[in-house]
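# Summary of structural features
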Amino acid sequence: MPGLPLILDCDPGVDDAVALLLALAAPEALDLLAITTVAGNVGGDLTARNACLIRELAGRPDIPVFAGQDRPLVRPPVAADHFHGASGLGDLPAGVPTQGPEIRPAVDYLISVLRDRPPGEVTIAVTGPMTNLAEAIRRAPDVVPRIRQVVAMGGARREGGNITASAEYNIHADPHAADIVVRAGLDLVLLGLDVTHQVAATEARRDRIARLRSPQSHAVRQLLAFSARTEAELGTGGPPPLHDPCVILWLLAPEIFTLRPCHLAVETESPLTLGHTAVEFRTSERLPANARWATSADSDAAFARIEALLERYG
Ligand code: RIB
Ligand code: CA
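So, here is what we can say about the structure in this document. (Residues numbered from 1 in each chain as written. Chains lettered and ligands numbered in written order. Predicted model: local features only at pLDDT ≥ 70, side-chain atom pairs only at ≥ 80, totals over all residues. Heavy atoms only, no water.)

## Thoughts on the side chain of Ser166
Spelled out, the test is: Per the convention used, a helix needs a DSSP run of H or I reaching at least four residues, while a strand needs a run of E reaching at least two, with both numbered from the N terminus. We call two residues contacting when some pair of their heavy atoms lies within 4.5 Å.
Locating Ser166 in the fold gives a position in the loop between strand 5 (147-153) and helix 6 (169-173). Setting aside chain neighbours within four positions, we find Ser166 in contact with Gly161, Leu272, Thr273 and His276.

This is how it looks when you write it as C-alpha cells:
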C-alpha cells in the first residue's frame with residue numbers, strides 16, 4: 001500500500017528540518033512527492049538550500065526541491081533568523097548541497113502536480129508562511145477541489161503570539177496568504193501554538209534522542225540544542241516547542257492530537273494585530289466551520305513516535 005501522496009511546503013528553519021527528517025523516515029506512510037520552499041524564517045535562497053541539505057542528509061536525492069515565493073503577497077518580509085540562526089539551520093555546518101533545487105518555481109509545480117494527479121489525492125503540509133499555496137490558489141482556483149487536505153502549522157488562540165503579542169509567526173509573516181487559504185473551502189487542519197507549545201523538547205527528551213547513533217538523529221539533537229538556547233534567551237524561557245514536526249506527527253498519528261471544528265479568520269489590516277487568528281468554536285450560519293483547530297496533544301506519545309522515526313535511520 002503506497003503512502004499518502006504529500007507535498008511539504010516549508011521554510012527551513014530548524015523545526016522545519018526536523019519535520020522533514022521525520023517525514024522522510026516514514027516512506028511507507030508518506031509518499032513525499034516534492035519539497036517546496038518559501039521565504040520565511042530566512043530568505044528564499046537559504047530555505048531552498050537548507051531543504052536540499054536536509055534531503056541529502058536523509059539520503060533522498062530522488063525527491064525534488066522547488067524554490068518558491070521569495071516574499072509575502074502584500075506585506076514586507078519578516079524573518080525569524082533570530083530563532084533559526086543566520087543560515088536557518090542553527091549551528092549545523094551549512095555547506096553547499098551537491099544537488100540544488102529544480103529550475104521550475106514551486107507555484108508552477110504545485111499547480112501542475114495538482115492538475116496532473118487524480119482529484120483529491122494530494123495532501124499539502126505547510127510549515128511556513130502560506131505564500132506558495134495562496135499564490136497557486138490565486139493563479140489557478142481550479143486546483144482547490146483537487147487538494148485532498150491541507151495540514152498547516154500556524155496561528156494561536158489560547159497561547160497568544162510568538163512574533164507579536166497576538167500573532168504566530170507563519171500567519172504574521174504572510175497574513176494575506178493565510179486569509180486566501182482559510183477562505184478557499186479546503187479541508188484544513190491547523191496546528192497552532194495552542195498545541196505545539198504542549199510538544200516541547202525537554203532536556204530529558206533531547207537526551208533520549210542523543211542516545212540514537214545516526215547522522216540524522218545527531219543533526220536533530222544539534223538542532224534541538226540550538227533551539228533550546230534560543231528559546232531560553234528569546235522565547236518562552238522553557239524547552240523548545242516542536243512546532244513543525246506536529247504537522248508530520250498529525251499525518252502519521254492523528255490520535256496524538258485533539259481537533260475541534262472552528263471558524264477561523266485572519267487579521268490582515270490592523271498594524272497592531274496583523275496575522276492574528278480569530279479561532280471561533282461557536283460556529284453558525286454566519287460563522288461556518290472552515291477549519292479544524294488542534295487543542296491538545298499527548299506529548300509523551302509524540303516524542304515516542306519521534307524517537308521511533310529517528311531510530312529508523314539507525
Ligand atoms: O511559529 C512557529 C513557526 O514559525 C514554525 O514554522 C517555525 O519554523 C517558524 O517558521
Ligand atoms: Ca517553519
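## Some words on the coordination of the calcium ion (ligand 2)
Put simply, the test is: Counted as coordinating are nitrogen, oxygen and sulfur atoms within 2.8 Å of the metal, or 3.2 Å for Na, K and Ca, while water is not included, which may make sites look incomplete. Exposure categories follow from relative accessible area, calculated using a 1.4 Å probe and restricted to protein chains: below 20% of the type maximum is buried, above 50% is exposed, and the middle band is partly exposed.
For the calcium ion (ligand 2), the protein coordination sphere consists of Asp11 (OD), Asp16 (OD), Asp16 (OD), Thr127 (O) and Asp244 (OD), at 2.2 to 2.5 Å. Every donor residue of the calcium ion (ligand 2) comes from the same chain, spaced as D-x4-D-x110-T-x116-D. Remark: Thr127 occurs in the loop between strand 4 (122-126) and helix 5 (131-139) and Asp16 occurs in helix 1 (residues 14-24); sequence separation between them is 111 residues. Across the pair, Thr127 and Asp16 agree in class, each one buried.

## Here we look at the nonpolar core
Soluble, globular proteins show a tendency: their nonpolar side chains are buried together. The test is simple: Grouping buried Ala, Val, Leu, Ile, Met, Phe, Trp, Tyr and Cys residues that are joined through side-chain atoms within 4.5 Å yields what is termed a nonpolar core.
In this structure, Leu191, Leu251 and Phe257 are the most contacted members of the largest nonpolar core, which totals 63 residues. At 9 residues, helix 1 tops the list of elements feeding residues into this core. If near-sequence neighbours (up to four positions away) are discounted, Leu251 is found in contact with Leu4, Leu6, Leu30, Thr123, Ala125 and Val151. Formed by 41 residues, the second largest nonpolar core is a distinct cluster that contains Phe66, Ile137, Val182 and Leu186.

## Considering the packing of aromatic side chains
To be explicit about the condition: Aromatic pairing here means that ring centres of Phe, Tyr or Trp (its six-membered ring) are within 6.5 Å. Orientation follows from the plane angle: under 30 degrees is stacked, over 60 is edge-to-face, and everything else is tilted. Should the NZ of a Lys or the CZ of an Arg lie within 6 Å of a ring centre and within 35 degrees of the ring normal, that charge is described as sitting over the ring.
Under the criterion given, the structure shown has 1 aromatic pair. Note on Phe66 and Tyr109: the rings are 4.1 Å apart at their centroids and 10 degrees apart in plane angle, and the pair reads as stacked. Taken together, the positions of Phe66 in strand 3 (residues 65-67) and Tyr109 in helix 4 (residues 106-116) put the pair 43 residues apart, joining distant regions of the chain. Of the residues examined, Phe66 reaches a relative accessible area of 6% and is grouped as buried. Over the face of the ring belonging to Phe281 we find Arg260, whose NZ or CZ atom lies 4.0 Å from the ring centre.

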